[in-house]
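Chain and residue survey
Listed below, chain by chain, are the residues.
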Amino acid sequence: MVVSTLALWPWQQAVLPDALRALTSPAALLHGATGQGQLNLAFQLAKAWLCEGHPEPGGMFDDSPAEPELRPACGQCPACHLVDTGYHPDLMVVVPDNVVPRVGWPHLEEALDKADKGEGRKRKLSPEIKVDAIREVVSFSQSTVSRGRAKVVLIHPADRMNTVSANTLLKTLEEPPGQVRFILSCGPLDDVMPTVRSRCQAWQMPSAPAQAVAPWLAEHVEGLSAADASALLAAAGGSPEGALELMAMGWSAALWKSLPGDLKAGRVGAWGQWPLPLLLSTLQKLAHDMAREAVGAPALYFPQAALPQGAGLPQVTAWGQELRKAMRHAEHPFNAALKAESLLFQARRALAKA
Ligand SMILES: [Zn+2]
């Protein structure tokens, strides 16, 4: 059985009809805060557009005033089943290799395994959408519709198209042929190239309400209390995907709470092993919370009680600026280990005064 990870999350049920109503252009761009389940929502939009289970509008079985394309997918018809398993001939889903496990389609994973075997080694999963995939999108768009409803191309995350990929897509995106609909999804809109953005109808999806996500996390993750779920959700900046990733890395609410104290005390042996972007974003969250505390605002990411007390705003601000500068080069550091060491040194210096 294929377990699709692309089902709507409970709080997205109310969002889908709004998205269906709002996104009328054949080139649509769904954006929002990082890790809010954009892929799930985009997938359900594609499924709704391809669903064949609704009666003809105005026909004798039609008891709803809404147009068929404004209704969520029925989940029962042959088209819906084909979409769920990834075999609908009029749907093309384009994700970078590192997103393939989230999609949960065996044939995509098999393609990755095959490529590994071809090279005789397990490759690192690429976070980029490469031009070959976009060339396939262009030729898919030009082919005729198989089942007669529409053709849908889903690209996620849209900001992971490199310049060549994006340029290859522009013309098709500007004038999608015939019944082709594009749904691009991404985090913050600013991350997407302006050339792509300007050719799409953008729609901002609302962020998940913490009061709905935390109980849901607690219910679905064994041994997780509601309080710990809230703490991890805050740690992830309110992103359900981020909270799940933290847990997948083995992080707990207790570990998160101990981080500021450990950093101040220099108990950071393991920190140097973290991927640099994770180290940087964690330090940035701490600097951000300490700056908020210095002006009397409540912390966003860490429990208030876990924050080192008494830091002055000037040094916390200066530290935050240094971190922002480092962030620009986080994905391509000259020497990651050295960089991590200097970041930790910087952090301890900033906290020492606290
Ligand atoms: Zn259906």
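Just so it is clear, the model here is predicted, and its values are computed rather than measured.

This part takes up the coordination of the zinc ion. Surrounding the zinc ion are the protein donor atoms C51 (SG), C74 (SG), C77 (SG) and C80 (SG), at 2.3 to 2.4 Å. Geometry at the zinc ion is tetrahedral, judged from its 4 donor atoms and the angles of 100 to 117 degrees they form at the metal. If you list the donors of the zinc ion from N- to C-terminus, the spacing comes out as C-x22-C-x2-C-x2-C. Here C51 is found in the loop between α2 (38–50) and α3 (78–85), whereas its partner C77 is found in the loop between α2 and α3, with 26 residues between them in sequence. Like C51, the residue C77 is buried in the burial classification.

Below, the discussion takes up the side chain of K285. Position of K285 among the secondary structure elements: in helix α13 (residues 276–294). Lacking a salt bridge, the buried K285 has E245 as its closest oppositely charged neighbour, with an N-O distance of 8.9 Å. Discounting chain neighbours no more than four positions away, the residues touching K285 are A235, A236, G237, W256, Y301 and F302.

Here we take up the pattern of salt bridges. Going through the model one piece at a time under the given rule, you end up with 13 salt bridges. For the salt bridge of K47 with D84, the shortest nitrogen-to-oxygen distance reads 2.9 Å. Of this pair, K47 sits in helix α2 while D84 sits in helix α3; the two residues are 37 residues apart in sequence, bridging distant segments of the chain. A salt bridge links R102 to E241, with the nearest nitrogen and oxygen atoms 3.2 Å apart. Here the residue R102 occupies a position in helix α4 (residues 100–103), and E241 occupies one in helix α11 (residues 240–248), the gap between them amounting to 139 residues.

On to the domain arrangement of the protein chain, then. As assigned here, the protein chain comprises domain 1 (10–204) and domain 2 (252–352). Placing a centre on the C-alpha atoms of domain 1 and another on those of domain 2 gives a separation of 37 Å.

Before going further, it helps to spend a moment on the environment of S239. Examined against the element boundaries, S239 turns out to sit in the loop between α10 (226–235) and α11. In this structure, the C-alpha to C-alpha distance between S239 and G296, residues 57 residues apart in sequence, is 25 Å. Ignoring any residue separated from it by four or fewer positions in sequence, one finds S239 in contact with T34, G35, Q36 and L233. There is a polar contact of 2.9 Å between the side chain of S239 and the backbone oxygen of G35.

Calculation criteria
Residues numbered from 1 in each chain as written. Predicted model: local features only at pLDDT ≥ 70, side-chain atom pairs only at ≥ 80, totals over all residues. Heavy atoms only, no water. Donors = N, O, S within 2.8 Å, 3.2 Å for Na, K, Ca; no water. Tetrahedral: all angles 85-135°; square planar, octahedral: opposite > 155°, others 65-115°. Helix = DSSP H or I, 4+ residues; strand = E, 2+ residues; numbered from the N terminus. Buried < 20%, exposed > 50% of the residue type's maximum accessible area, 1.4 Å probe, protein only. Lys, Arg positive; Asp, Glu negative; His and termini not counted. Salt bridge = Lys/Arg side-chain N within 4 Å of Asp/Glu carboxyl O. Contact = heavy atoms within 4.5 Å. Domains from an automatic or database assignment. Polar contact = N/O pair within 3.5 Å; in protein donor to acceptor, adjacent residues only side chain to side chain.

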